Amino acid sequence: MYKRDESGESNQQTSSISSAKILQLSRVKMENYEVTVYTTNCAFAATFNNVYIKLVGTEGESNRSWLFSIIGSLALFKGDVAHFTVSCPKSLGTLFLIELDKQDFLPFFQDSWYPSKVEVRSPEGDTYCFPVHRWITDREVNRFREGKAVKTFEEPNTLARYAREQELIGRKKDYCWEEWEKGLPHCIKGKSPLCLPPEVRFSYTKDTEFFWTAAIGQVELHLKGLEKRHEPWTDIDAVDRVFTYRTTDMSEYVQEQWQEDAFFAWQYLNGVNPIMIRCCEGLPENFPVTDDMVFFCQGSLKREMERGNIFLCDYKRLDGVKPNTINGKKQYLMAPLVLFHNRGGKFMPIAIQLKQTPAEDNPIFLPTDSAYDWLMAKIFVRSADFQEHQLNVHLLRTHLLAEVFAVSLLRNVPMVHPLYNLLVPHTRYTLQINILARLGLISEKGVFTQFAASGGEAMFTIMKRSLSSMTYKSLCIPDDIEERGVGNIPNYYYKDDGLRLWDIIFRFVEGVLSYYYKTDDLVVNDTELQDWIRDIFEHGFLSQEQTGIPQKFSTVAELIKFVTMVIFTCSCQHSAVNSGQYDYGAWMPNTPTSLQCPPPTTKGTKDHIMMQTLPNISTTVKGMSTMWLLSKDSSDFVPLGRYPEQYFSEGFPRKLIKRFQRELHKLSVSIKARNDNLKLPYTYLDPANFENSVAI
Ligand code: FE2
């Protein structure tokens, strides 16, 4: 077993060279290694401490050398590149590891340093790159491997294996699983973002902007006195005056069009929840729509179903869920069924039933009913959709899954592994945003419970049901589109753009992983890869086999598909369901977060209570300010396919990254050109507009 001296202090002694030794060394030709240190360009990244390095190669290792510069402590300033020379009596062979440690310049003056990488040019003329991308906050010896990816069974020697094991032992201490709520995916252990290692926390920029946006929203509501007004709106136009300067082109369009059937249907294709609708080959027994109701003898529902023109949205997951109580007032939450018809490319709603069980007091509403009846039915559907969207489609299927993928990666896969290089950029900020959500948004008394019909107990019921019914196929957009039978719906831009993005990501992932895994055996024998997927299955999907989530990888093809799904989920899918929250929710009547009166039980009622049914003033403004906050990108936004940290050091994957970026750019140009000709552009899957990771 290779033994390392973990103490920087004791190592320091080894660097003091006796006079005799100097004399001896002066007689031998020294081999000089040119060391270039890159300090990350972000706030507080510089160090004023003394930094030491040891180079380790296949033929030996250097002394622990002080990275001394004539400009002193300014050498390792943020964003700077500093050059040093480390001399050795003989060549170290192929370099595969460096050790860095940082000691106080003055007693008790221990700062934090954030190097991005160290490059070493050997006397033989080879350049080695050691990615760091980690805060060094202590006096310990920190080991970093050369950037060329190495799988566990390819390690060249005992020290390399030892460093690999030690890295994962440390990571398993830093990133622990925790059960947040029984029946839900496990999450990172930590009650606050400060529990996280600094390299996975928000940057100073992100932190500042996030809390500033939140604070401004709160102050504005407070000044206007709106968050304490529990009475219903009396004038629907007053909703428009809550955040007068915070409108988007889309939110203005929504305000104009929210009552239109065509726009109602559009939102199922290109709104924030575009994954709910499915082809209807036979009506569910509990939704007894007849030809008379929808076609007036001009056609047949059965024939239209056979032609693939009838579609269904069934919110059965919400059935029987106990609705929230807000400010002492019971709220209402329906589990509707909605039928749509594709009439020669025109996609329209044709029937709505608000509760799952057919009954006399649960009428099927139709576009031919009075305008008020039909509008109320659509309002109840939109409110149900808000709950389904936020808890299942957005929170569970993107945020919580992205956290599972990230924690499993950080616990099981070392930096030198190709999967780490491929996936770690897609985990940026995810752990912190989810901790913040658990603290302030979806905690028992969090903001969500203050404005949503599904807040409180209902929230957990819905998410547990959602996880139990989640499938691997539904997470992979080509399979999902096929299974829902929606491949032929026209103007379904989520589908069009999503499928093209999937293909581009797939080609990139296939290129990278096929380079490192030439045969299926290499996948089967990669224990770290297998640990990663097993952790995901156990901690993310709670070992539920019916989900179809792989429990292990047997082939390269299985691995490629799964990793494509991970990147797609963390970037594209999250954008599709996150970015439009304010666009569609700013005009509250289009997305009521809760409803205060029961649904209509008969048609033709003269008692118009729409304003009393919609959320009251306080509930509305809390929902609006939250959606505003969660739709804002920060200025250190990193779009899909941009990898400023350069984890890969081999030429081939870097070439693939360039191709990936070119393909994404081409897609972005073509989406923009398409959007120029659309009355209502679909921008949420333009890759120039969204991040690599779940970051908001
Ligand atoms: Fe989000």
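Positions within a chain are numbered from 1, following the residues in the order the chain's sequence is written. Where local features are concerned, this predicted model is filtered to residues with pLDDT of at least 70; where side-chain atom pairs are given and counted, the filter is 80 or more; whole-chain, interface and lining totals use all residues. Values shown for side chains rest on all heavy atoms present in the structure; no hydrogens or waters enter the calculation.

### So, the coordination of the iron ion
- For Na, K and Ca the donor cut-off is 3.2 Å, while for other metals it is 2.8 Å, and in both cases only N, O and S atoms qualify; water is not among them, so sites may look incomplete. Of the protein atoms, only H394 (NE2), H399 (NE2), H574 (NE2), N578 (OD1) and I696 (O) coordinate the iron ion, at distances of 2.1 to 2.4 Å.
- One chain supplies every donor to the iron ion, and in sequence these donors are spaced H-x4-H-x174-H-x3-N-x117-I. Placement of the pair is H399 in helix α9 (residues 371–412) and N578 in helix α19 (residues 556–578), with a sequence separation of 179 residues.
- Each residue is placed in one exposure class: buried if its accessible area under a 1.4 Å probe, protein chains only, is under 20% of its type's maximum, exposed if it is over 50%, and partly exposed if it falls in between. By relative accessible area, H399 is classed as buried at 6%. Elements are defined by DSSP. Helices are runs of H or I of four residues or more, strands are runs of E of two residues or more, and each kind is numbered from the N terminus.

### Let's talk about the sheet that holds strand β18 (residues 364–365)
- Any two strands with at least two DSSP-identified bridges between them are counted as paired. Judged by pairing direction, the sheet is antiparallel, and its 5 strands sit side by side in the order β12-β13-β16-β17-β18 without closing on themselves. Strands with a single pairing partner mark the edges of an open sheet, and in this sheet they are β12 (278–279) and β18.
- The pairing of strand β13 (residues 310–314) with strand β16 (residues 337–343) spans 5 bridges and is antiparallel. Bridging from a neighbouring strand, I310 pairs with H341 of β16.
- Note on contacts: a residue pair is in contact if any heavy atoms of the two residues lie within 4.5 Å. Fitted lines through C-alpha atoms give the axes, limited to the stretch in contact for helices. The angle between two N-to-C directions lies from 0 to 180 degrees. Sitting on the sheet, α9 touches β16, β17 (346–353) and β18, and the angle it makes with β17 is about 90°.

### Examining the pairing of strand β5 (residues 81–88)
- Going residue by residue along β5, you find A82, F84, V86 and C88 tucked away on one face and V81, H83, T85 and S87 left uncovered on the opposite face.
- One ladder, built from 8 bridges, connects strand β1 (residues 31–39) with β5; its direction is antiparallel. Across the sheet, V37 pairs through a bridge with A82, a residue of β5.

### Describing the packing of aromatic side chains
- To pair, rings of Phe, Tyr and Trp, with the six-membered ring standing in for Trp, must have centres within 6.5 Å; the planes then decide the type, stacked if under 30 degrees apart, edge-to-face if over 60, and tilted in the middle. Under the definition given, this model contains 30 aromatic pairs.
- With a centroid separation of 5.6 Å and an interplanar angle of 65°, the aromatic rings of F448 and F451 are classed as edge-to-face. A residue pair is termed a helical-turn pair when its members lie 3 or 4 positions apart in one helix, as F448 and F451 do in helix α12 (residues 447–451) at 3 residues. Note on accessibility: F448 and F451 belong to one class, buried.
- Of the aromatic side chains, those joined through ring pairs into one cluster are F264, Y268, F311, F340 and F347.
- The lysine or arginine in question, R64, covers the ring of Y52, its NZ or CZ lying 3.8 Å from the ring centre. By the criterion adopted, a ring carries a charge over it if an Arg CZ or a Lys NZ lies within 6 Å of its centre and within 35 degrees of its normal.

### Considering the side chain of S466
- Relative to the helices and strands, S466 resides in helix α13 (residues 457–469).
- When sequence neighbours within four positions are dropped, the list of residues in contact with S466 reads R317, N392 and L396.

### Some details on a nonpolar patch on the surface
- Taken together, the side chains of F48, F77 and F109 present a nonpolar region at the surface, about 250 Å² in accessible area.
- You can see F109 is positioned in the loop between β6 (95–103) and β7 (115–121).
- Judged by its relative accessible area of 37%, F109 is partly exposed. A patch consists of residues whose relative accessible area exceeds 30% and which take part in no salt bridge; residues with like charges are grouped when within 9 Å of each other, and nonpolar side chains (Val, Leu, Ile, Met, Phe, Trp, Tyr) when within 5 Å. Computed with a 1.4 Å probe, the accessible areas rest on the Shrake-Rupley method; for each residue, only the protein chains presented here act as cover. Counted as salt bridges are all cases of a side-chain nitrogen of Lys or Arg within 4 Å of a carboxyl oxygen of Asp or Glu.

### Thoughts on the domain arrangement of the protein chain
- Residue ranges for the domains originate in an automatic or database domain assignment. In terms of domain boundaries, the protein chain breaks down into domain 1 (31–146) and domain 2 (187–676).
- Summarising the inter-unit geometry, the C-alpha centres of domain 1 and domain 2 are found 44 Å apart.
- Facing the 13 residues of domain 1 at the interface are 9 residues of domain 2.
- When two parts are put together, the accessible area they lose, computed with a 1.4 Å probe and summed over both, is reported as buried area. For the pair domain 1 and domain 2, the two sides together bury roughly 970 Å², of which 65% comes from carbon and sulfur.
- Looking only at domain 1, the three residues that lose the most surface to domain 2 are P131, H133 and W135, adding up to 43% of its buried area.

### Overview of unusual backbone geometry
- In this structure, H133 is a non-glycine residue whose phi angle is positive, near 50°.
- For H133, the location among the structural elements is in the loop between β8 (127–131) and β9 (142–145).
- Residue class for H133 comes out buried when judged on its relative accessible area of 9%.
- Its identity as a non-glycine residue notwithstanding, Q646 has a phi of 45°, on the positive side.
- Following the sequence through the fold, Q646 ends up in the loop between α22 (617–630) and α23 (651–676).
- Residue classification places Q646 among the partly exposed positions, given a relative accessible area of 39%.

### Digging into a negative patch on the surface
- His is not counted here, nor are the chain ends, while Lys and Arg score as positive and Asp and Glu score as negative. Think of each charge as sitting on NZ of Lys, CZ of Arg, CG of Asp or CD of Glu. Together, D237, D240, D249, E252 and E256 give the surface a local cluster of negative charge.
- Mapped onto the secondary structure, D249 falls in helix α5 (residues 249–257).
- Assessed through its relative accessible area of 70%, D249 is described here as exposed.

### Notes on α23
- End to end, α23 covers 38 Å across 26 residues, agreeing with the expected 38 Å (1.5 Å per residue, within 8%).
- At its buried positions, α23 is contacted by α16 (493–516). Multiplying 1.5 Å by the residue count of a helix minus one yields the expected span of that helix.

### Overview of the sheet that holds β8
- Ordered by their spatial adjacency, 4 strands build an open sheet running β5-β1-β7-β8, and the pairing between neighbours is antiparallel. Both outer strands of the open sheet, β5 and β8, are each paired with one neighbouring strand and no more. Ignoring which end each strand starts from, the neighbouring axes of this sheet average 20° apart.
- Bridging between β1 and β7 involves 6 bridges; their strand directions are antiparallel. Bridging across to β7, Y38 finds its partner in K117.

### Focus on the nonpolar core
- Buried residues of nine kinds, namely Ala, Val, Leu, Ile, Met, Phe, Trp, Tyr and Cys, make up a nonpolar core once their side-chain atoms join them within 4.5 Å. Formed by 166 residues in total, the largest nonpolar core has its most connected members in I277, F340, W532, F562, V563 and M610.
- By residue number, the principal contributor to this core is α9, which donates 23 residues.
- Formed by 24 residues, the second largest nonpolar core is a distinct cluster that contains Y33, F84, W113 and V120.

### Observations concerning the pattern of salt bridges
- For the coordinates displayed, the defined rule picks out 32 salt bridges.
- E99 serves as the salt-bridge partner of R143, at 3.1 Å between the closest nitrogen and oxygen. Taken together, the residues span a long stretch of sequence, with R143 in strand β9 and E99 in strand β6 at a distance of 44 residues.
- Overall, R143 belongs to the buried group, its relative accessible area being 16%.
- Taking relative accessible area as the criterion, E99 reaches 4% and is therefore assigned buried.
- Beyond isolated ion pairs, a larger network of salt bridges with shared partners links R145, E155, R164 and E528.

### Notes on the packing of α9 against α19
- Interhelical geometry of α9 versus α19 gives an angle of 140° and a closest axis separation of 10 Å. With respect to α19, the element α9 is oriented oblique. The way α9 lies across α19 gives a crossing that is left-handed. Residues H389, V393, H394, R397, T398, H399, A402 and F405 of α9 pack against F562, M565, V566, T569, C570, Q573, H574, V577 and N578 of α19.
- Across the contact of α9 with α19, the residue classes tally to 8 nonpolar, 8 polar and 1 charged. Angles are sorted into four bins: roughly parallel if under 35 degrees, roughly antiparallel if over 145, roughly perpendicular if 65 to 115, and oblique for all others. Crossings are classed by handedness, with left-handed meaning an anticlockwise turn of the near helix from the far one by less than a right angle and right-handed meaning a clockwise turn. Asp, Glu, Lys and Arg are counted as charged, while Ala, Val, Leu, Ile, Met, Phe, Trp, Tyr, Cys and Pro are counted as nonpolar; the rest, among them Gly, fall into the polar class.

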